[in-house]
Amino acid sequence: MPEAAPPTPPRGAAPGTSPGPTPVHAQDPAQDPAPESPPTPHGEHARHARPGLVLATVCLCQLMVTLDASIVNIALPAMSEALGFVDSALPWVVNAYALAFGGLLLLGGRIADLVGHRRAVLSGLVLFGIASVLGGFAQTPTQLVAARAGQGVAAAVLAPIGLTLIMVTFAEGPARARALGIWSMVTAGGSALGVLLGGVLTDLLDWRWVFFVNAPIVLVGVALAARSVPAFRPPRAGRPDVLGAVLGTGAMTALVYGLMETDRHPWGSARTLGTIAAAVLLGLAFLFWESRFAQAPIVRLGVLRARTAWVASTVVTLLGAAMLVGFYFCSLHLQNVLHYGPLAAGAAFLPFCAGTAAGSMIAGRLTARFGGRATLTGGLLLGGLGMLWFAGLGVDSGYLTAFVGPSLVASVGVGICMVSNTAMGTSGVDPREAGLVSGLLNAGRQCGGSIGLAVLSTLAVSATRRAAEDGETPLAALAAGYDRAFVVTAALLGVAALISVLFVPARKAASGPQPARPR
């Protein structure tokens, strides 16, 4: 199939943004030139795609990525018994995936721009499938951890390319809003479904099936991608930015690793401070190289000069922290305080999945009616209200009276703001840089989750310790620690809502695409 020329999207505003935000590719060339190529209409790429099959491929990849972030959690005791893990090594079954995934997201977001969309999807799927099968047949802890790292590398390619394909296949407006709604629903609900599926497979079959289950998913994904994803590749400009990739990946990996290890090495320890300092130094070196010397930078920093880009990246970082922290502490409360079994704890999150689906589906209509700022702010406040409601969980809380209500409120808010924030962040983006923006948004969500979990876990432990010193029972002290984490999570969403009020454009989108002005 001949490769399509890179399309240039119209200057119409995305739903909920002001009609005239300056797209990324229209920045003043004297300030920060973007790579030049002959502009063509946005529909040129979509003409070679099958939108329905593309969306099915994207959602299947995203479901597998999010499922595998949590599907192994319930199977950890069985893995430990079968392979002889020592206690200190067992968390690396989870951490190896998170470390490879988070550390390589920026690079993964740029891969599709370098090798082509279809090749990136197929490569990511095949690598994920191979790593999953090897994990299922693992005979030693080292083999299993290596397989999980391989899954994380593949996930770092698949997560950004999914959002990239939505950006270049669906034009801004109702079509993209619907696609983002379905994608966001899969993203937000995948972790909850992973816990449930992990419990079912481990109890009814064997822990190895939490890996083998990916094989049929990969086969279906490869068949869909081969039929639907065009072999589109933006033209290259200059040599690949190898040093930028090394510095950026090193900074992300050091940051994620340092945060993950705070459960064993306190925040004030030399190891934690040294790792985070290394991440900061590598990050500064990365920014200096990208802004001054890179011919074809991994991250063109001019992208962040567009208000929608940096606001969306900031909001998704806070939202990622709230989502992961809320899900984590809800799981702990159900199992450690209310004594739910693994299957029951996973099933308890079904209302959260339903609420996320509902929020994702109505986000587009809300944006069209009320505008992007009102919709995003309302979703963030609704999510914060749900998290604050969770802070009332205690040792005698009933599921229907104290868990279902906040689950629905928080999840509807999460679904709304995931769709509206992603639509804002991807509006007006040159398809040649779709992978870059996708990588930034995914990296923000992943890093936000890692940072939020590390910080709030420390706060929860401190609150539990103080409650125990004040004479609370062990269960009541645990609940007090979890409640403190929910309160801070609600505050994070409140900060995100304030950013939305101050910086998201207020006016609703124009009714249709606006003609592009001459460059």
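Residues numbered from 1 in each chain as written. Predicted model: local features only at pLDDT ≥ 70, side-chain atom pairs only at ≥ 80, totals over all residues. Heavy atoms only, no water.

1. A closer look at the overall build of the protein chain
The helix and strand tally for the protein chain stands at 20 helices and two strands. Counting only residues that meet the buried cut, the protein chain has 56% of its 519 residues in that class. Counting contacts in the protein chain only where the partners sit at least 6 residues apart, residues at least 24 apart contribute 86% of the total. Accessible area of the protein chain: about 20,400 Å², with a carbon and sulfur share of 68%. (Helix = DSSP H or I, 4+ residues; strand = E, 2+ residues; numbered from the N terminus. Buried < 20%, exposed > 50% of the residue type's maximum accessible area, 1.4 Å probe, protein only. Contact = heavy atoms within 4.5 Å. Areas by Shrake-Rupley, 256 points an atom, 1.4 Å probe, with all protein chains shown as cover.)

2. A closer look at the packing of aromatic side chains
Scanning the entire structure with this criterion turns up 13 aromatic pairs. Taken together, a centroid distance of 5.8 Å and an interplanar angle of 35° make the contact between Trp289 and Phe293 tilted. Residue class for Trp289 comes out partly exposed when judged on its relative accessible area of 24%. (Phe/Tyr/Trp six-rings, centres within 6.5 Å; stacked < 30°, edge-to-face > 60°.)

3. Focus: a nonpolar patch on the surface
Together, Val200, Leu204, Leu205, Trp209 and Leu343 make up a nonpolar patch on the protein surface, roughly 470 Å² of accessible area in all. Positionally, Leu343 belongs in helix α14 (residues 342–347). Taking relative accessible area as the criterion, Leu343 reaches 33% and is therefore assigned partly exposed. (Patch = residues over 30% accessible without salt bridge, like charges linked within 9 Å, V, L, I, M, F, W, Y side chains within 5 Å. Salt bridge = Lys/Arg side-chain N within 4 Å of Asp/Glu carboxyl O.)

4. What to know about the side chain of Asn214
Its location among the elements puts Asn214 in helix α10 (residues 214–228). Overall, Asn214 belongs to the buried group, its relative accessible area being 2%. Sequence-distant contacts of Asn214, that is, excluding residues within four places in its chain, are made with Met64, Asp68, Phe128, Ser132 and Gln151.

5. Overview of the packing of helix α2 (residues 51–70) against helix α7 (residues 141–169)
Any two packed helices are characterised by how steeply their axes cross, that is the angle between the axes, and by the distance between the axes. Between α2 and α7, the least distance of the axes is 9 Å, while the angle of their chain directions is 150°. Relative to α7, the element α2 lies roughly antiparallel. Seen from above, α2 lies across α7 with left-handed handedness. Between α2 and α7, the residues in contact are Pro51, Val54, Leu55, Val58, Cys61, Gln62, Met64, Val65 and Asp68 and Arg148, Gln151, Ala155, Leu158, Ala159, Gly162, Leu165, Ile166 and Thr169, respectively. Classifying every residue of the contact of α2 with α7 gives twelve nonpolar, four polar and two charged. (Axes fitted to C-alpha atoms, helices over the stretch in contact; angles between N-to-C directions. Parallel < 35°, antiparallel > 145°, perpendicular 65-115°, else oblique. Left-handed = near helix turned anticlockwise from the far one by under 90°. Nonpolar A, V, L, I, M, F, W, Y, C, P; charged D, E, K, R; others polar.)

6. Concerning unusual backbone geometry
One non-glycine residue, His339, adopts positive backbone phi at about 60°. Mapped onto the elements of the fold, His339 is located in the loop between α13 (307–337) and α14. Since its relative accessible area comes to 57%, His339 is described here as exposed.

7. Here we look at the packing of helix α6 (residues 117–136) against α7
Two elements in contact, α6 and α7, have axes whose closest approach is 8 Å; the angle formed by their N-to-C orientations is 155°. When the interaxial angle is binned, α6 and α7 end up roughly antiparallel. Between α6 and α7 the crossing geometry is left-handed.

8. Thoughts on the environment of Arg119
The topology assignment puts Arg119 in helix α6. It is 9.0 Å that separates the C-alpha atoms of Arg119 and Val229, two residues lying 110 residues apart in sequence.

9. Remarks on the environment of Ala480
Positionally, Ala480 belongs in helix α20 (residues 474–503). In sequence terms Ala480 and Ala391 are 89 residues apart; their C-alpha atoms lie 8.5 Å from each other. Beyond its immediate chain neighbours, meaning those up to four positions away, Ala480 contacts Ala463 and Ala467.

10. Comments concerning the side chain of Arg208
Here Arg208 is to be found in the loop between α8 (174–204) and α9 (209–212). For the buried Arg208, no salt bridge is present, and the opposite-charge side chain at shortest range is Asp206, 4.3 Å distant. Contact partners of Arg208, with chain neighbours within four places excluded, come to Leu83, Gly135, Gly136, Phe137, Ala138 and Gln139. (Lys, Arg positive; Asp, Glu negative; His and termini not counted.)

11. Some points on the environment of Leu106
Structurally, the position occupied by Leu106 is in helix α5 (residues 105–115). Using a relative accessible area of 15% as the deciding quantity, one classes Leu106 as buried. When the C-alpha atoms of Leu106 and Val437 are compared, they prove to be 9.3 Å apart, with 331 residues separating the residues in sequence. With residues up to four places along the chain from it excluded, the contact list for Leu106 reads Met252, Ile298, Val299, Gly439, Leu440 and Ala443.

12. A look at the confidence of the model for the protein chain
Scored by pLDDT, the protein chain comes out at a mean of 78, with 82% of its residues at no less than 70. Of all secondary-structure elements in the protein chain, the lowest mean pLDDT belongs to strand β2 (residues 40–41), at 37, while helix α16 (residues 372–390) reaches the highest, 93. Here residues 1–47 is a poorly scored stretch, pLDDT under 50, and it has 124 contacts once near neighbours within four places are set aside; other chains count. Within the model, the stretch residues 508–519 combines pLDDT values under 50 with 24 contacts to residues more than four positions away or in other chains. (pLDDT = per-residue confidence, 0-100.)

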